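# Breakdown of the fold
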Amino acid sequence: MSIYLDHNATAPLDGRVLEAMQPWLTGVHGNPASVHRYGRAAQAALETARAQVAALVNAQPAQVVFTGGGTEADNLALKGVCGGAPSGRVLVGALEHSAVLGPAVALAKRGWEVEYLPADAAGRYDARALERLLAGGDVRLVSLMLANNETGAVQPVPEAAAIVHAAGGLLHVDAVQAPGRIGCNIGTLGADLLTLSAHKIGGPKGVGAIVRRGDEIHLLEPLIRGGGQERGIRAGTENVAGIAGFGAAAAAARTQFDVEAAHMKGLRDALESGLKSVSKNVVIFAETVERLPNTTLFAVDGMKAETAVIAFDLEGVAVSSGAACSSGKVQPSHVLTAMGVPPALLRGAVRVSLGWGTTKVDVERFLGAWRKLASALSKGRQVAA
Ligand code: PLP
């Protein structure tokens, strides 16, 4: 039987999520905009989910805007805040996901001045560098992630928020990888806008949310126009089943995160000591800073990530190389490049990301596969694909 250790790419659908979705997938279920009982029931399901997602990040339900996933929410944050003006300055982190980098490039094409916050060798943003960039003039929006999807490095978001606010800017935080793994409270983080995605926490794919700190945070330019759904910020009949599933996933992530985070960290620590005991020269990226409890990104000199991922797959172990959200193209990770990782390791990074259902046996299976791969590498031959 194969084992799945790629939860940062997507997590398995939780049983409770499926149960919450089922009534909205079969039989007659109304349009939430309809006034009859079917419509009202669908509307009630949306509002239950809205309260569950809000509770996950300690926000008010009215501040949750459902979207078609994390990528859409990131686009909405950047284009929604900046789109109302023809030009200005925006700052995005060099470690951000393409869901943030893409809209930043689009803003630059429209005449916005876009600058990138550098990261240090450990994979974290530096607050002093943020201060220096903000001193360069009015910045409308800063976009920084809470936890990196490749290394798992947790970013100094509350510190950054204080600096951004002192400079008169707004802070958008892509928190897609955080819930169920680390605390994710919009107030404690100091975020003005927060991105969430259902499928990283056991919910369905294609559902996410942008959460506003309050009504004073305006998303001036909706990405999708049409009806007045989601307070006019995101038009279109809502994905009721998906949103109900997102709500159930959020409720599970909120109530179980302490226990599950400790469970994953125990297994991840065992995995990392196993990796090191097999190969003395293994490099674990962002090892010296706070990381998500489920994530290990590692490399050894001479290993090619794409070949290693196939070798693991042949052993029945699903892991990933670099950013799994990209189109399967082999290109050096922009995250590791921003960290100044040397070329010999850049193409060899393999990401292992554990989930709530991961067991000790799974970690042992992974380490067994690693022993074989490491021995092939040490014999100096390329691993057969
Ligand atoms: N932001 C981060 C940090 C991610 O890891 C991902 C997905 O991997 C996204 C945004 C995009 O989310 P979605 O897959 O829901 O579009």
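Residues numbered from 1 in each chain as written. Predicted model: local features only at pLDDT ≥ 70, side-chain atom pairs only at ≥ 80, totals over all residues. Heavy atoms only, no water.

### Concerning the overall build of the chain
Worth spelling out the cut-off: Note on conventions: DSSP H or I runs of at least 4 residues are helices, E runs of at least 2 residues are strands, and numbering of each starts at the N terminus. Each radius of gyration reported is based on C-alpha atoms, and the globular scaling rule is 2.2 Å times the count of residues to the power 0.38. Categorising residues by exposure relies on relative accessible area from a 1.4 Å probe, with only protein chains included: less than 20% of the type maximum marks a residue as buried, more than 50% marks it as exposed, and the intermediate range marks it as partly exposed.
In terms of regular secondary structure, the chain is built from 12 helices and 13 strands. The C-alpha radius of gyration of the chain comes to 21 Å, within 12% of the 21 Å expected for a compact globule of 385 residues. Counting only C-alpha atoms and orienting by the principal axes, one finds that the chain spans roughly 70 × 55 × 35 Å. Burial statistics for the chain: of 385 residues in total, 57% are counted as buried.

### As for unusual backbone geometry
Although it is not a glycine, N58 sits at a positive phi angle of roughly 60°. Even without glycine at this site, E230 takes up a positive phi of about 50°. Tracing the chain through its elements places E230 in the loop between strand 8 (208-212) and helix 8 (240-278). Overall, the relative accessible area of 7% leaves E230 in the buried class.

### Some thoughts on the domain arrangement of the chain
Defined as follows: Note that the domain bounds reflect an automated or database-derived domain assignment. Residue contacts are defined here by distance: any two heavy atoms, one from each residue, within 4.5 Å place the two residues in contact. Definition used for salt bridges: Asp or Glu carboxyl oxygen within 4 Å of a side-chain nitrogen of Lys or Arg.
Domain annotation of the chain identifies domain 1 (3-11 + 257-378) and domain 2 (15-255). Averaged C-alpha coordinates put domain 1 and domain 2 at centres separated by 27 Å. Listed by partner, the interface residues are 30 residues for domain 1 and 35 residues for domain 2. Counting across the interface, domain 1 meets domain 2 through 0 salt bridges.

### Let's talk about the packing of aromatic side chains
For the record, the criterion: Whether two aromatic rings pair depends on their centres lying within 6.5 Å, for rings of Phe, Tyr and Trp, where Trp uses its six-membered ring; planes under 30 degrees apart make the pair stacked, over 60 edge-to-face, and the rest tilted.
Tallied over the full model, the rule gives 5 aromatic pairs. Between the aromatic rings of F298 and W370, the centroid separation amounts to 5.1 Å while the plane-to-plane angle is 85°, which identifies the pairing as edge-to-face. With F298 in strand 10 (residues 295-299) and W370 in helix 12 (residues 360-378), the pair connects residues that are 72 residues apart, well separated along the chain. The burial state of F298 is the same as that of W370; both residues are buried. Consider the rings of F312 and W370, whose centres lie 6.4 Å apart with planes at 15°: the pair is stacked. Placement of the pair is F312 in helix 9 (residues 305-314) and W370 in helix 12, with a sequence separation of 58 residues. A relative accessible area of 1% means that F312 is categorised as buried. Following the ring pairs from residue to residue traces out a cluster consisting of F298, F312, F366 and W370.

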